[in-house]
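If you want the building blocks of each chain, they are given just below.
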Amino acid sequence: MAVQALKRFETGDGQSATLSNVVIRLVLLLAIDAFAIWFAVRAFGEGYLPLGIAIALIAAGVNYVILVKEMYPIRWMLLGLILMAMFSIYPILLTVFVAFTNYGDGHLLTKPQSIEQITKARFVPEGGSAYTWTGYSNEAGDYALWLQSENGDSFLAFPGQTLIPAAEATGLGELDSEGIPESVGDYERLNAFQVASDQNISTIQFGSELDGVQIRSPQEAAQLQPKFAYDEANDIINDLETGVSYTPVEGRWTAANGDELTAGFRANVGLDNFTRFFQSPAFRGPLVRIIIWNFAFAFFSVFATFALGLAIAYVFNDPEFPGRKIIQSFLLIPYTIPSLITILIWRGMFNPQVGVINRTLSDLIGIAPAWTVDPWLAKIAILIVNLWLGYPYFMLICSGALQAIPGDLYEAASIDGANAWQQFYKITLPLLLVAVGPLLVASFTFNFNNFNIIFLFIEGGPPIAGSPTRAGHTDILISYVYNLAFAAGRGKEYGLGAAITIVIFVVVAVITLFQFRYTKMWEEVGEGV
Amino acid sequence: MFNLTFRQRRYFSYGIRWVVALILIFFAIFPVLWILSASFNPTNTLATAKLIPDNIGLDNYYSLFNNPNTPFGIWIWNSIKISSITTVLSVSVTTLAAYAFSRFRFSGRENMLKAILLIQVFPALLAMIAVFTLITQFDSIIPAIGLNTHAGLILVYLGGAMGVNIWLMKGFFDTIPRAIDESAMVDGATHWQTFSQLLLPLMRPILIVIAILTFIGTYGDFVLARVLLKSTDQYPLMVGLFIFTSGQFSQQWGPFAAGALLGALPIMIIYLVLQDQIVGGLTQGAVKG
């Protein structure tokens, strides 16, 4: 048995494992498993069903890889695979999951969390165990109660603390004929008049969550009872005070007459997030604009950066041109500064009031365009900034590709009488596009989701009037998703945001499949392997 | 038409190209000049159209480091810390995996490589709601890797570590002849010894390039940090700089200019010093990816 176990642990490359090696691996595996089990149990306990399942699956995979001899090569990449599974693959799947839920404001809790929160509520019952009470207060405005139950036991009660039996209470002043202290520490006993005129004392919940006590009448204080009870068998919450039953309807505990409890939970709502697009014109209008601008922005960005990059590469392709290297170094500068910083710099320069661009324009020709207010100007400004950011990349790529085009092609063309434009159009461009085509597609995908420039430059503004959610004229889908989920001062719409993310996924997937087909990437993979 | 000799026509063409070049260079470096000028302009307005401000001063740099609302020193430190840890871990994980893909033959290898490439198409940025949800849930189980922690953010970055870099690195491993490994193995070396003592030193140039690109990429991230980090003293530089411009403290362009310059400096130095290696690695990576 032991020999067999040892054999199983032999490493895949035929080098037999030493005993200490095996022990170390076993201990490590046990530690990982213990952690994973603890983690998954906690996740299930909080109601994070997908997270719990993900952890369990990943842990199972880890065990398989570590225990099975044939998996030796996978052990080398195990850590990377775990990280990829947890932080790349799982979020993609979770996005799909969330897209079919109403996760968002009013539905932020999981179902167990919402039950827990609801069943915390207490009420003062009409009957039940009761005390006669005496009130105290101190100068700070805090209150205390002296309670006497029907069978003669006495307790001292402070808000938020467990009841203290009379025998254990400290700081009691002189007792009167009924055994009630005149004072408790710095708390002074309240007389009947003070009690009758006090607004606060009857609203305070004394004692802890478990043995809470509240004043019911001038003489009586009653033990508080839970207002709601969760009936697991029928999946309903019963109101113990009124007898009403609440059933879960799309993440809301709802009574037969339509009343709802405040703490909702996230629940499956089917295709609701998607059908909103077709059912609500107020919502559809901005979204259609955003989609159109998203494609236009990506297309024009790629077109402009490629055109300028290619033009520069073409004009300065001549190796004898003096100063070529210096010019290239200068033109490369936009590429060397983190783009976030330069986007913010451009934001300052385009500022309509204090920006250098408008000051120069108004000094020279007396105009000051409202770059951040006018939707069209904002779009133009974004494209200018993106051109500045993006052309050096294509300049580099194109100058490399141009040098790879054999010179005798041009010689042959000029012998046949082709002019410079024809040479460019018939030889350079087609050959270049073959080499650069995949990069153009990749650049399109990048710009399609270029959150940084949209958000940092103008935060999607100017706003689209009348949109039910925050949306701007320069918002693209991904920045719109950000607004739905994270914009300050607005409702959180995680479910809807995830649904729109799926639209982005589909667009990206289609473009990528096209790119792979176009570049025969798979065949290249096959060759490389 | 002018009667120009070949030589004259050539100089004429050079001249025009130089004019074009100067216009382009102006376009390229104008923001840099402007931010340089604004950072030394103590008036904290952008209103000056002069490139060289009237009274040059270091006031902006001083207020940058002495305003408790905008702890610039902490931001820079956070950025360097997060980027360095991410880079080291990411490169380690990727190198190990790339070694396995290059040197072992196992079933599903080809499909795994393709799958890694496919998953890379959907970066964590796109799934930001799910990533935020995930880290929020971590928060209630293990707060140390939850919201507003650098550890949580780094983990999310590492989720994207195995991507194009695997392809790039596997390609370089493939260029090292297997005969080298085999001779070492014949002498009794284990896989680990071959990998760590023989191949890693040979891989050093490409490791450095990938490390630099990873560092720059992490240093320049904005969205994930913005979504996952909540308190000002946890921010990395990029999120911090955004605060200057977004009007949260009423736009402070002067200190922003100083901060932008200091923040860009490390990356610009890296680029200028290692220009050739980076461009080489980049184009190779781009063509492969």
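Residues numbered from 1 in each chain as written. Chains lettered and ligands numbered in written order. Predicted model: local features only at pLDDT ≥ 70, side-chain atom pairs only at ≥ 80, totals over all residues. Heavy atoms only, no water.

Some words on the overall build of chain A
Part 1 of the reasoning: Across its full length, chain A holds 20 helices and 14 strands.
Part 2 of the reasoning: Against the globule reference of 24 Å for 529 residues, chain A gives a C-alpha radius of gyration of 36 Å, more extended than a compact globule.
Part 3 of the reasoning: The principal-axis extent of the C-alpha atoms belonging to chain A is close to 125 × 85 × 45 Å.
Part 4 of the reasoning: Pairs at least 24 residues apart make up 60% of the contacts formed inside chain A by residues separated by at least 6 positions.
Part 5 of the reasoning: Accessible area for chain A stands at about 25,700 Å²; split by element, carbon and sulfur atoms hold 62% of it.
Part 6 of the reasoning: Between the centroid of the 28 positive side chains of chain A and the centroid of its 45 negative side chains there is a distance of 14 Å. (Helix = DSSP H or I, 4+ residues; strand = E, 2+ residues; numbered from the N terminus. Rg over C-alpha atoms; globule rule 2.2 N^0.38 Å. Contact = heavy atoms within 4.5 Å. Areas by Shrake-Rupley, 256 points an atom, 1.4 Å probe, with all protein chains shown as cover. Lys, Arg positive; Asp, Glu negative; His and termini not counted. Charge placed at Lys NZ, Arg CZ, Asp CG, Glu CD.)

Considering the overall build of chain B
Part 1 of the reasoning: Of the regular secondary structure elements, chain B holds 13 helices and zero strands.
Part 2 of the reasoning: Across the 289 residues of chain B, 52% fall into the buried class.
Part 3 of the reasoning: If you take every contact in chain B between residues at least 6 apart in sequence, the share linking residues at least 24 apart comes to 70%.
Part 4 of the reasoning: Total accessible area on chain B is roughly 12,800 Å²; 67% of this is exposed by carbon and sulfur atoms. (Buried < 20%, exposed > 50% of the residue type's maximum accessible area, 1.4 Å probe, protein only.)

Quick look at the environment of B:Phe30
Part 1 of the reasoning: Here B:Phe30 lies in helix α1 (residues 6–39).
Part 2 of the reasoning: Through-space distance from the C-alpha of B:Phe30 to that of B:Thr232 is 31 Å; in sequence the pair is 202 residues apart.
Part 3 of the reasoning: If we ignore the near neighbours within four places in the chain, the residues touching B:Phe30 are A:Met349, A:Val356 and B:Ile25.

Some remarks on the domain arrangement of chain B
Residues and elements named next belong to chain B.
Part 1 of the reasoning: Taken domain by domain, chain B consists of domain 1 (6–62) and domain 2 (63–288).
Part 2 of the reasoning: Counting residues at the interface gives 10 residues for domain 1 and 14 residues for domain 2.
Part 3 of the reasoning: Roughly 1,000 Å² of surface becomes buried between domain 1 and domain 2 when both sides are summed, with 68% attributable to carbon and sulfur atoms.
Part 4 of the reasoning: Its largest share of buried area at the contact with domain 2, domain 1 owes to Ile35, Tyr61 and Tyr62, together 47% of the area lost on that side.
Part 5 of the reasoning: At the junction of domain 1 with domain 2, the criterion picks out zero salt bridges.
Part 6 of the reasoning: Taken together, the connections running from domain 1 to domain 2 amount to eight residue pairs in polar contact (both at pLDDT 80 or more).
Part 7 of the reasoning: When its residues are assigned to classes, the side of domain 1 that touches domain 2 shows six nonpolar, three polar and one charged. (Domains from an automatic or database assignment. Buried area = accessible area lost by both parts, 1.4 Å probe. Salt bridge = Lys/Arg side-chain N within 4 Å of Asp/Glu carboxyl O. Polar contact = N/O pair within 3.5 Å; in protein donor to acceptor, adjacent residues only side chain to side chain. Nonpolar A, V, L, I, M, F, W, Y, C, P; charged D, E, K, R; others polar.)

Some points on the pattern of salt bridges
Part 1 of the reasoning: Tallying each qualifying case throughout the model produces eight salt bridges over all chains.
Part 2 of the reasoning: Note that A:Lys227 is salt-bridged to A:Asp239, the shortest N-O span being 3.1 Å. Here the residue A:Lys227 occupies a position in the loop between β10 (225–226) and β11 (228–231), and A:Asp239 occupies one in strand β12 (residues 236–239), the gap between them amounting to 12 residues.
Part 3 of the reasoning: The salt bridge partner of B:Asp181 is B:Arg103, with a shortest N-O separation of 2.6 Å. Here B:Asp181 is found in helix α8 (residues 178–186), whereas its partner B:Arg103 is found in helix α3 (residues 72–103), with 78 residues between them in sequence.
Part 4 of the reasoning: You can call B:Asp181 buried: its relative accessible area is 4%.
Part 5 of the reasoning: Judged by relative accessible area, which is 5%, B:Arg103 ranks as buried.

Quick look at helix α12 (residues 339–349) of chain A
Part 1 of the reasoning: For α12(A), the tally of buried residues reaches 10 of 11 residues, placing the bulk of the element in the interior.
Part 2 of the reasoning: Looking only at α12(A), the buried set comprises A:Leu340, A:Ile341, A:Thr342, A:Ile343, A:Leu344, A:Ile345, A:Trp346, A:Arg347, A:Gly348 and A:Met349.
Part 3 of the reasoning: Contact partners of the buried residues in α12(A): α13 (356–364), α14 (375–404) and α17 (451–458) of chain A together with α1, α11 (237–246) and α12 (253–273) of chain B.

Quick notes on the domain arrangement of chain A
Part 1 of the reasoning: Looking at chain A, the domain boundaries give domain 1 (2–99), domain 2 (122–226) and domain 3 (279–528).
Part 2 of the reasoning: On a C-alpha basis, the centroid separation for the pair domain 2 of chain A and domain 3 of chain A is 71 Å.

A word on the packing of aromatic side chains
Working definition: an aromatic ring pair is given by the centre-to-centre distance plus the angle between the planes.
Part 1 of the reasoning: Following the criterion strictly, the structure yields 58 aromatic pairs over all chains and no others.
Part 2 of the reasoning: Between B:Phe215 and B:Tyr219, the aromatic rings sit 6.0 Å apart at their centres with planes inclined by 20 degrees, giving stacked as the arrangement. Here the residue B:Phe215 and the residue B:Tyr219 both occupy positions in helix α9 (residues 191–219), the gap between them amounting to four residues, near one helical turn. Note on accessibility: B:Phe215 and B:Tyr219 belong to one class, buried.
Part 3 of the reasoning: Of the aromatic side chains, those joined through ring pairs into one cluster are A:Tyr103, A:Phe451, A:Phe455, A:Tyr482, A:Phe486, A:Tyr494, B:Phe132, B:Phe222 and B:Phe242.
Part 4 of the reasoning: Directly above the aromatic system of A:Tyr103 lies the positively charged group of A:Arg266, at a separation of 4.0 Å from the ring centroid.
Part 5 of the reasoning: Sitting over the face of the ring of A:Trp376, A:Lys379 holds its NZ or CZ atom 4.9 Å from the ring centroid. (Phe/Tyr/Trp six-rings, centres within 6.5 Å; stacked < 30°, edge-to-face > 60°. Lys NZ or Arg CZ within 6 Å of the ring centre and 35° of its normal.)

What to know about the environment of A:Tyr246
Residue and element names in this part refer to chain A.
Part 1 of the reasoning: With respect to the element layout, Tyr246 can be found in strand β13 (residues 245–249).
Part 2 of the reasoning: Expressed as a C-alpha distance, the spacing of Tyr246 and Leu261, which sit 15 residues apart in the sequence, is 8.1 Å.
Part 3 of the reasoning: When near neighbours in sequence (up to four residues on either side) are disregarded, Tyr246 contacts Phe228, Ile236, Ile237, Asp239, Trp253, Thr254, Ala255, Asp259 and Leu261.

A closer look at the interface of chain A and chain B
Part 1 of the reasoning: If you look at the interface, chain A gives 98 residues, while chain B gives 95 residues.
Part 2 of the reasoning: The junction of chain A with chain B conceals about 8,900 Å² of combined surface from both sides, 79% of it contributed by carbon and sulfur atoms.
Part 3 of the reasoning: Across the contact surface, chain A and chain B share zero salt bridges.
Part 4 of the reasoning: Where chain A touches chain B, the interface holds eight residue pairs in polar contact (both at pLDDT 80 or more).
Part 5 of the reasoning: Per-element tally for the side of chain A that touches chain B: the top contributor is helix α5 (residues 78–99) of chain A, with 14 residues.
Part 6 of the reasoning: In terms of residue class, the side of chain A that touches chain B is built from 72 nonpolar, 16 polar and 10 charged.

Observations regarding a negative patch on the surface
Residues and elements named next belong to chain A.
Part 1 of the reasoning: A cluster of acidic residues, Glu139, Asp142, Asp186 and Glu188, forms a negative patch on the protein surface.
Part 2 of the reasoning: Along the chain, Glu139 turns up in the loop between β2 (130–137) and β3 (143–149).
Part 3 of the reasoning: Overall, the relative accessible area of 85% leaves Glu139 in the exposed class. (Patch = residues over 30% accessible without salt bridge, like charges linked within 9 Å, V, L, I, M, F, W, Y side chains within 5 Å.)

Regarding the pairing of strand β14 (residues 252–255) of chain A
All names here are of chain A.
Part 1 of the reasoning: Taking every second residue as pointing to the same face, both faces of β14 are buried, with Arg252 and Thr254 on one and Trp253 and Ala255 on the other.
Part 2 of the reasoning: Both β13 and β14 contribute to a ladder of four bridges, which runs antiparallel. Among the inter-strand pairings, Val249 is bridged to a residue of β14, identified as Arg252.
Part 3 of the reasoning: Between β13 and β14, which pair antiparallel and follow one another directly, the connecting turn spans two residues, one of which, Glu250, has a positive phi of 45 degrees. (Pairing = 2+ DSSP bridges.)

Here's the deal with unusual backbone geometry
Part 1 of the reasoning: Unusually for a residue other than glycine, A:Glu459 sits at a positive phi of about 55 degrees.
Part 2 of the reasoning: Checked against the element boundaries, A:Glu459 lands in the loop between α17 and α18 (477–486).
Part 3 of the reasoning: The exposure class assigned to A:Glu459 is partly exposed, which follows from its relative accessible area of 22%.
Part 4 of the reasoning: Located in the positive-phi region is B:Asn148, a residue other than glycine, with phi close to 65 degrees.
Part 5 of the reasoning: On the basis of relative accessibility, which here comes to 22%, the residue B:Asn148 falls in the partly exposed class.

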